[in-house]
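A structural walkthrough
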Amino acid sequence: MTYHRPSTLPRAALVLFVLAIALASVITSPASPARAQEPTPSDDQVNAVAKQLYCPVCENVPLDVCPTQACAQWRQTIREKLTAGWSEQEIKNFFVEQYGARVLAAPPARGLSLLVYLLPPLAFVVGAYIVYRAVRTWRRAARPVASPPVAEDDYTRRIEEELRRRD
Amino acid sequence: MSDTPAPPPPAPRARNFGRLLLWGGLAALLALVGFGLYRTQAGPVSSGPAPDFTLTTFDGETIRLADLKGQVVVVNFWASWCKPCEEEAATLEAGWQKYRDQGVSFLGVDYVDTEPEARAYLERFGITYPNGPDLGTRISQAFRIRGVPETYFIDRQGTLVRVKIGPIEMNELQSILDPLVKP
């Protein structure tokens, strides 16, 4: 009886085939969720950028909740730019270039817009100083006037002397 | 007997300067807010020299209003998302075809729009006169427009002579342009 020993060539081919499959699965498997590049950005991703922008047509309504057709077009533009791999800052720069700095929810800290950042803390400091001054004045006004020492009060001194004499 | 010098009074000049600075700052801030409110409430520019601007059209041509002096210029603000603009689109194109040989230029300024939709709009209504985006909304701010559509008529001397708020009709367009094109 002869034992049929399989040749090593098919076995090597099998190993190579398995390795190739494994390699292919590694290459074609999706990346980790943190780095996933979705083909089209989700509404949340679009709105994350949109809420930082305001359409000049619909004043005081952030772009992510603005119901007009113009805003829908803008959100579509954001979606297209995200799909093209643009960063959030690049998209915001694009909108500023197209429609002006007033589309930004947070105006740039330069020129007159700088006042938006400087005035509130300045007003707070000035207000705190005014309150401090007012409280100090009130405290001074409420402080009782110190009565003269007993020894300096002539009337009291005379009464005390009289009392001592009677003792 | 020697006189002891009295202690210096608590620098009233510095205190006055501080107060002056505070009140001056407040007054400047109020003036700024007032000016902003005035500009917001002022409404569109309706007379006097037309604000100069440069329009880069969707075809890449650069047009400066000052270079059109000697011609009557019709500046129309529109947007693809604006329904009333659609009502006047055909009228404006017909007006352009009628008056283009009489020294009248039509310029379309696309306000707060996206380019693909704007191009589709121009194609849909067969608009052939120069049109371009209002980059940075600089032109609309110069004219202080309140919305779209708005149409501004500028005479041969570069003076703004008429403003039409809302869609314009052919008879109104003619009634404005006919006296302006008369030699």
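**Re the sheet that holds strand β4 (residues 72-78) of chain B**
All names here are of chain B. Across the sheet, six strands lie side by side as β1-β8-β7-β4-β5-β6; this open sheet has mixed pairing. Of all strands in the sheet, those bounded by a partner on one side alone are β1 (48-49) and β6 (131-133). Sheet topology note: the strand β7 (residues 150-154)/strand β8 (residues 159-165) ladder contains five bridges and is antiparallel. Bridged to Phe153 within β8 is Arg162. Against the sheet, helix α5 (residues 170-181) makes contact with β4, β5 (104-110), β7 and β8, and its axis sits at roughly 155 degrees relative to β4, the strand it touches most.

**Remarks on the confidence of the model for chain A**
All names here are of chain A. Taken as a whole, chain A shows an average pLDDT of 80; of its residues, 72% reach a score of 70 or greater. Within chain A, the lowest mean pLDDT, 53, falls on helix α1 (residues 8-28), and the highest, 96, falls on helix α2 (residues 43-50). Every residue in residues 1-9 is under pLDDT 50, and counting partners more than four places away or in other chains gives one contact. Across residues 25-37, confidence stays below pLDDT 50; counting only partners more than four residues off in sequence or on other chains, it has two contacts.

**Side note on helix α1 (residues 12-41) of chain B**
All names here are of chain B. For α1, which comprises 30 residues, the first-to-last C-alpha distance of 43 Å matches the rise-based estimate of 44 Å (1.5 Å per residue) to within 8%. Within α1, only zero of the 30 residues are buried, which leaves it mostly out in the open. Once α1 finishes, Gly43 follows within two positions and takes phi at roughly 80 degrees, a positive value.

**Quick notes on the confidence of the model for chain B**
When the pLDDT values of chain B are averaged, the result is 92; 94% of them are 70 or greater. Interface confidence for the predicted complex, expressed as ipTM, amounts to 0.75; the pTM equals 0.70.

**Some details on the interface of chain B and chain A**
Opposite the eight residues of chain B that make contact, chain A presents 13 residues. Among the residues making up the side of chain B that touches chain A, the classes are represented as four nonpolar, three polar and one charged.

**Quick notes on the packing of helix α2 (residues 83-99) of chain B against α5(B)**
Residues and elements named next belong to chain B. Here α2 crosses α5 at 30 degrees, and the two axes come no closer than 10 Å. With respect to each other, α2 and α5 are oriented roughly parallel. Classified by chirality, the crossing of α5 by α2 is right-handed. Only Met170, Leu173, Leu177 and Val181 of α5 make contact with α2, whose side of the interface consists of Thr91, Ala94, Gly95 and Tyr99. Residues belonging to the contact of α2 with α5 are distributed by class as follows: six nonpolar, two polar and no charged.

**With respect to the nonpolar core**
Among the nonpolar cores identified, the biggest contains 50 residues, and Cys55(A), Leu63(A), Ala70(A), Ala79(B) and Ile154(B) are the most heavily contacted of them. At the level of elements, α2, α3 (69-83) and α4 (88-99) of chain A together with β4, α2, β5, α4 (138-143) and β7 of chain B are the ones that each hand at least two residues to this core. Each residue touching Ala79(B), except ones within four places of it in the same chain, is listed here: Ala70(A), Cys85(B), Asp110(B), Tyr111(B), Val112(B), Asp113(B) and Val148(B).

**Re the environment of Asp43(A)**
Residue and element names in this part refer to chain A. Tracing the sequence through the fold places Asp43 in helix α2. Residue Asp43 is classed as exposed on the basis of its 11 C-beta neighbours within 10 Å. Along the chain, Asp43 and Arg79 lie 36 residues apart, while their C-alpha atoms are 8.4 Å from each other.

**A few points about the packing of α2(A) against α3(A)**
Residue and element names in this part refer to chain A. Between α2 and α3, the shortest axis-to-axis distance is 9 Å and the interhelical angle comes to 110 degrees. Between α2 and α3, the angle is such that the two are roughly perpendicular. Our pair here, α2 against α3, has a crossing hand that is right-handed. Of the residues in α3, those touching α2 at Gln45, Val46, Val49 and Ala50 are Arg75, Ile78, Arg79 and Leu82.

**Regarding the pairing of β8(B)**
Residue and element names in this part refer to chain B. As judged from the two bridges shared by β1 and β8, these two strands associate in the antiparallel manner. Each bridged residue has a counterpart across the sheet, and for Gly48 the counterpart in β8 is Leu160. Between the antiparallel neighbours β7 and β8 lie four residues, among them Gly158 with a positive phi of about 85 degrees.

Calculation rules
- Residues numbered from 1 in each chain as written.
- Chains lettered and ligands numbered in written order.
- Predicted model: local features only at pLDDT ≥ 70, side-chain atom pairs only at ≥ 80, totals over all residues.
- Pairing = 2+ DSSP bridges.
- Helix = DSSP H or I, 4+ residues; strand = E, 2+ residues; numbered from the N terminus.
- Contact = placed C-beta atoms within 7 Å.
- Axes fitted to C-alpha atoms, helices over the stretch in contact; angles between N-to-C directions.
- pLDDT = per-residue confidence, 0-100.
- Expected span 1.5 Å × (residues − 1).
- Buried ≥ 20, exposed ≤ 12 C-beta atoms within 10 Å, placed from the backbone.
- Nonpolar A, V, L, I, M, F, W, Y, C, P; charged D, E, K, R; others polar.
- Parallel < 35°, antiparallel > 145°, perpendicular 65-115°, else oblique.
- Left-handed = near helix turned anticlockwise from the far one by under 90°.
- Core = buried A, V, L, I, M, F, W, Y, C linked by C-beta atoms within 7 Å.

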